[in-house]
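# Structural overview for review
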Number of protein chains: 2
Amino acid sequence: MTTDEAVADQKTPPPPGLRERKKQRTRNALVRSALELFTRQGYEHTTVDEIAEAVEVSQRTFFRYFTNKEEVAFASQESAECHFFAALCGRPADEAPLAALRGAVLDAWGSIGEAIEQMVPPELHMRMYRVIESTPSLLAVHLRRTAEMEERLASEIARREGLDIDADPRPRLLVAMFSGVIRVSGKLWGEGEEDSMVTLRDLTAFHLDYVGPTLAGQWDK
Amino acid sequence: MTTDEAVADQKTPPPPGLRERKKQRTRNALVRSALELFTRQGYEHTTVDEIAEAVEVSQRTFFRYFTNKEEVAFASQESAECHFFAALCGRPADEAPLAALRGAVLDAWGSIGEAIEQMVPPELHMRMYRVIESTPSLLAVHLRRTAEMEERLASEIARREGLDIDADPRPRLLVAMFSGVIRVSGKLWGEGEEDSMVTLRDLTAFHLDYVGPTLAGQWDK
DNA sequence: GACACTAATGTCAGCGTCTGACAATTGACA
DNA sequence: TGTCAATTGTCAGACGCTGACATTAGTGTC
């Protein structure tokens, strides 16, 4: 590593140049246009050409920002998930595993607006969630992404509790249960009429309270 | 309904004609060739044209048997899942929910050979399972299919226990937990060296025994 | 056994996703 | 201003998948 790189690693990044800012604007514009088209006319009935045309770039450029059509559909989800995971890592160490997960998800959903508003309007993000739930190909990808997140969650829980993730199945099982609750909540919310984020938050809290006692036992072995 | 149809419904179906048998043979040949190619050179690196050519039919014919390339990859899984679900429905009514699920999955895996051997060799079926686990696009579909199966399982459990699936979240939560165990077992098995079905069966039994006590409580409200 | 009927298949054209290659453009920096 | 590198556009093409229409091949009837 050169001296310059060492310095760059320690300081906050220098103000991004015109090139970088332009790239970010193009990316955000692609996400916004894509999500607007997906929510208005459906994922399958929207072509990549349409999205690219709406932002006035070539189709080839779209595929330089996103590896495939699915990826752009999950752009705001990706931000929200990072936000949630960061919230979990910030929970106090003495909190029980399930309480930490519960706190993280409720906190994250309470402050999700700030995390994504510079990319897409939160209201659009929520509408896109429904499109994902109701589009088979997107639902499949969503479940795979969820499975990947579960792995990260289980590792973090194991770390917090000082357990070996490869030897003790309990972190994975707790996370699987937790994930199941989140998914059931999201599904029921998606089937309902209420659009608000608060509704989803409350519904999730209710379900978590319902199953909490079952799994909240001490883990000090 | 005409008299003829009523009679046909009651008798076992008449011996299938040449046309029907030929169709079945073509279908099985497509599945076998597809799975052989997928397991040998990978799912992504196998084209539909290759599969069709191996069976000496046109690409268009392939797409008349399977709606897409993914579907043929799950043909033997589909049979196995039906086999498992039938096993669950055949469990004695007085068995506890988790015990019924456990019994069904262990029984099904013990007799899976007979259920699929006329379509593909069981050994090929198991190798394909690993391809699915390690191919992102197939894993995504696999998880969606699993989610659909979970819905059916939860409904069946609710029926057995006389619960309302829409009012009581416990069937879904139990099934989510159960599914998590199955998936973890399958994943660990896939990462290992052992190819045998017995190994997977034993591993699953071990994991189920591990979490069983946590959730096996009485459900009589 | 020849016949008409219908199901199965083949052929062809075309759309949409995605990629590699190369040329043209545009910001960065001396 | 001019050089360098990053970004974008253009083009050709592979692959998945579908509709339309012609062709082939079982099925039941006379």
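For the structure, check the block above.
Residues numbered from 1 in each chain as written. Chains lettered and ligands numbered in written order. Predicted model: local features only at pLDDT ≥ 70, side-chain atom pairs only at ≥ 80, totals over all residues. Heavy atoms only, no water.

## Describing the protein's contact with DNA strand D
Put simply, the rule reads: Any residue with at least one heavy atom within 4 Å of a molecule or strand is counted as near it. Any pair of nitrogen or oxygen atoms within 3.5 Å is treated as a polar contact; in protein, a donor-acceptor pairing is required on top of that, and neighbouring residues in sequence qualify only through side-chain atoms on both sides. In DSSP terms, a helix is any run of H or I states spanning at least four residues, a strand is any run of E spanning at least two, and both are numbered starting from the N terminus. Residue polarity is assigned by list, with Asp, Glu, Lys and Arg as charged and Ala, Val, Leu, Ile, Met, Phe, Trp, Tyr, Cys and Pro as nonpolar; anything else, Gly included, falls into the polar class.
The full set close to DNA strand D counts 22 residues, and Lys-23, Ser-58, Thr-61 and Arg-64 of chain A together with Lys-69 of chain B are the nearest of them. At the protein interface, 56% of the atoms of DNA strand D within 4 Å belong to sugar or phosphate. In this structure, Lys-23 of chain A approaches DNA strand D through a side-chain N or O atom, which is 2.7 Å from a phosphate oxygen. Here Arg-64 of chain A contributes a side-chain N or O atom positioned 2.6 Å from a base oxygen of DNA strand D. Those elements that place two or more of their residues in the surface near DNA strand D are helix 2 (18-41) and helix 4 (59-65) of chain A together with helix 2 (18-41) and helix 4 (59-65) of chain B. In terms of residue class, the surface near DNA strand D is built from five nonpolar, eight polar and nine charged.

## What to know about the relation of the copies chain B and chain A
Using the following cut-off: To line up the copies, we fit them by least squares on C-alpha atoms, keeping just the residues with pLDDT of at least 70 in both. For this analysis, residues touch if any pair of their heavy atoms sits within 4.5 Å.
Turning chain B through 179° and shifting it by 0.0 Å along the axis lays it on chain A, with an RMSD of 0.1 Å. Taken together, the turn and the small shift mark the pair as related by a two-fold rotation axis. Closest to the rotation axis within chain B is the C-alpha of Ala-140 of chain B, separated from it by 2.4 Å. By residue overlap, the copies meet face to face through one surface: 100% of the interface positions of chain B are interface positions in chain A.

## Details of helix 11 (residues 170-191) of chain B
Cut-off, in case you're wondering: Take the residue count of a helix, subtract one, and multiply by 1.5 Å to get its expected span. Note on exposure labels: buried denotes an accessible area under 20% of the residue type's maximum, exposed denotes more than 50%, and partly exposed covers the range between, all computed with a 1.4 Å probe on protein chains only.
With 22 residues, helix 11 of chain B should reach 32 Å at 1.5 Å per residue; the first-to-last C-alpha distance of 32 Å fits that figure. Within helix 11 of chain B, 16 of the 22 residues are buried, which leaves the element mostly enclosed by the surrounding structure.

## Quick word on the protein's contact with DNA strand C
Close contacts around DNA strand C come from 23 residues, with Arg-60 and Lys-69 of chain A together with Lys-23, Thr-61 and Arg-64 of chain B the closest. A share of 54% of the atoms of DNA strand C within 4 Å of the protein falls on sugar and phosphate groups. With respect to DNA strand C, the side chain of Ser-58 of chain B contributes an N or O atom lying 2.9 Å from a phosphate oxygen. Those elements that provide at least two residues to the surface near DNA strand C are helix 2 and helix 4 of chain A together with helix 2 and helix 4 of chain B. A breakdown of the residues in the surface near DNA strand C according to their chemical character gives five nonpolar, eight polar and ten charged.

## Describing unusual backbone geometry
With a phi angle near 60°, Glu-56 of chain A is a residue other than glycine that sits in the positive phi range. When you line up the elements, Glu-56 of chain A lands in the loop between helix 3 (48-55) and helix 4.

## Here's the deal with the pattern of salt bridges
Where charged atoms from two side chains of opposite charge approach closely, those side chains can pair. Test applied: Salt bridges are defined as contacts in which a side-chain nitrogen from Lys or Arg sits within 4 Å of a carboxyl oxygen from Asp or Glu.
In the structure shown here, the tally under the stated rule is 24 salt bridges over all chains. Note that Glu-150 of chain A is salt-bridged to Arg-183 of chain B, the shortest N-O span being 3.4 Å. Of the two residues, Glu-150 of chain A is situated in helix 10 (residues 136-161) and Arg-183 of chain B in helix 11; the pairing between them involves two chains. Accessibility expressed as a relative area gives 13% for Glu-150 of chain A, which makes it buried. Owing to a relative accessible area of 28%, Arg-183 of chain B belongs among the partly exposed residues under this scheme.

## A short note on the packing of aromatic side chains
All names here are of chain A. Inclusion rule: Stacked, edge-to-face and tilted labels apply to pairs of Phe, Tyr and Trp rings (six-membered ring for Trp) whose centres lie within 6.5 Å, assigned for plane angles under 30 degrees, over 60, and everything in between, in that order. Charge-over-ring placement is defined geometrically: NZ (Lys) or CZ (Arg) within 6 Å of the ring centre, and within 35 degrees of the ring normal.
This structure, assessed with the given rule, holds eight aromatic pairs over all chains. What links up through ring pairs into an aromatic cluster is the set Phe-62, Phe-63 and Phe-66. In this structure, Lys-69 is placed above the aromatic ring of Tyr-43, and the distance from its NZ or CZ to the ring centre is 4.4 Å.

## Re the packing of helix 9 (residues 122-134) of chain B against helix 11 of chain B
Residue and element names in this part refer to chain B. In plain terms, the rule: In this description, a line fitted to the C-alpha atoms serves as the axis of each element, helices being fitted only across the stretch in contact, and the angle between N-to-C directions of two axes falls anywhere from 0 to 180 degrees. In what follows, roughly perpendicular refers to angles from 65 to 115 degrees, roughly parallel to angles under 35, roughly antiparallel to angles over 145, and oblique to any angle outside these ranges.
Closest axis-to-axis distance for the helix 9/helix 11 pair is 10 Å, and the angle between their directions is 100°. Relative to helix 11, the element helix 9 lies roughly perpendicular. The segment helix 9 lies against helix 11, with Met-126, Tyr-129, Arg-130 and Glu-133 engaging Gly-186, Lys-187, Trp-189 and Gly-190. In the contact of helix 9 with helix 11, the residues fall into three nonpolar, two polar and three charged.

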